[in-house]
Amino acid sequence: TVRSMTRRDLVIGADRSLRAGTTRRSFLTWTALVGALAMTPELSGATAHAQPARGTPADYPFRLGVASGDPLPDSVVLWTRLAVDPLAPVGGMRPGVVPVRWEIAEDERFGRTVNQGIELASDADGWSVHVDVRGLAPAREYFYRFMVGPHVSTVGRTRTAPASGSALAALSFAWASCQKWEDGFYGAYADLAASDPDVVFFLGDYIYEYAIEKTGARASQPRPESAGRETLALNDYRDRYALYKSDPDLASAHAAAPWITTFDDHEVDNNWA
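Residues numbered from 1 in each chain as written. Predicted model: local features only at pLDDT ≥ 70, side-chain atom pairs only at ≥ 80, totals over all residues. Heavy atoms only, no water.

As a further point, take unusual backbone geometry. Positive phi is not limited to glycine here, since Phe-110 has a value of about 60 degrees. Along the chain, Phe-110 turns up in the loop between strand S3 (97-105) and strand S4 (113-122). The exposure class assigned to Phe-110 is buried, which follows from its relative accessible area of 9%. Backbone geometry places Ala-273, a non-glycine residue, at a positive phi of 50 degrees. By the secondary structure assignment, Ala-273 is in the segment after strand S11 (259-261). (Helix = DSSP H or I, 4+ residues; strand = E, 2+ residues; numbered from the N terminus. Buried < 20%, exposed > 50% of the residue type's maximum accessible area, 1.4 Å probe, protein only.)

Encoded structure:
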């Protein structure tokens, strides 16, 4: 997550002419929302490659889970990406705009909500949503979720960073790297999620750009059509991230704690070619 170049900043920076008394963020969000609500929700009933859990509606859009990251003493970034079929092109979504509600609270039942709002997901951003939540307390545990129409996401747990210079009695963290999907399963992430660390550091090679052969531990598992070739185009990269994030153990680890990430080479090309 690059805090200095969020979608909000790009949109706001493009418009300098809004009248005083209405924040640019509110004006742009609600103007777009009015248009979005006039549209049919852009959730398709595409043929599913990744079968939903029993009882999950075919148009459930949160199959890639939720995540948080970039924790500061007063803020954290929340993430989700809409996909009714993670392994289909563009996640099985139709072009358009979908309003996504979000909430963050001090308790898992959302009885003490501290902030909420609406973001707009669209095909232009690969149906991803990033919410930069401000005004939080330092070193505090929070819970968050997303909603589209009647659908509610998994509840994620996050934590803000300690205040600068504050004394710490303890801090638990985990680190991970080099998670090549086709080489094995992600059982270690299930253990990480159960440990409820304060923060997770991911040190690079979140994806591997190689063509994925149908051999090894995951040979029989479904994958996007683009997995058979090296990632080169933007949608190839979106497909590859969707494949990785559709793993339930990795999704659980993302929902358990905020992540601070960096990249190595395979996010682009081996040894930067």
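After presenting the structure, the write-up continues.
On to helix H4 (residues 234-245). Over its twelve residues, H4 extends 17 Å from the first C-alpha to the last, a length consistent with the 16 Å expected when each residue adds 1.5 Å. If you follow the buried residues of H4, they end up packed against strand S2 (75-81) and helix H5 (248-256). (Expected span 1.5 Å × (residues − 1). Contact = heavy atoms within 4.5 Å.)

With that settled, consider the pairing of S2. Most of S2 sits out of view: seven of its seven residues are buried. Alternating positions in S2 separate into two faces, Ser-75, Val-77, Trp-79 and Arg-81 on one and Val-76, Leu-78 and Thr-80 on the other, with burial throughout. Here five bridges tie strand S1 (residues 66-72) to S2, and the two strands are oriented antiparallel to one another. Bridged to Gly-69 within S2 is Val-77. The loop that links S1 with its antiparallel partner S2 comprises two residues. (Pairing = 2+ DSSP bridges.)

The next thing to look at is a nonpolar patch on the surface. Taken together, the side chains of Phe-173, Trp-175 and Leu-203 make up a nonpolar region of the molecular surface, amounting to roughly 380 Å² of accessible area. Examined against the element boundaries, Phe-173 turns out to sit in strand S9 (residues 173-176). (Patch = residues over 30% accessible without salt bridge, like charges linked within 9 Å, V, L, I, M, F, W, Y side chains within 5 Å. Areas by Shrake-Rupley, 256 points an atom, 1.4 Å probe, with all protein chains shown as cover. Salt bridge = Lys/Arg side-chain N within 4 Å of Asp/Glu carboxyl O.)

The next point concerns empty space enclosed by the protein. One pass over the full model with this rule turns up one cavity of 30 Å³ or more. Computed from the structure, the largest cavity encloses a volume of approximately 30 Å³. Around the largest cavity, the lining residues are Leu-64, Val-66, Ala-67, Trp-79, Lys-245, Ala-251 and His-254. Elements represented by at least two residues in the lining of the largest cavity include exactly S1 and H5. A per-class count over the lining of the largest cavity returns five nonpolar, one polar and one charged. (1 Å grid on protein atoms, 1.4 Å probe; cavity = no way out; pocket = protein on both sides within 12 Å on 5 of 7 lines; lining within 4 Å. Points joined across faces, edges and corners; volume = space filled by probe spheres on them. Nonpolar A, V, L, I, M, F, W, Y, C, P; charged D, E, K, R; others polar.)

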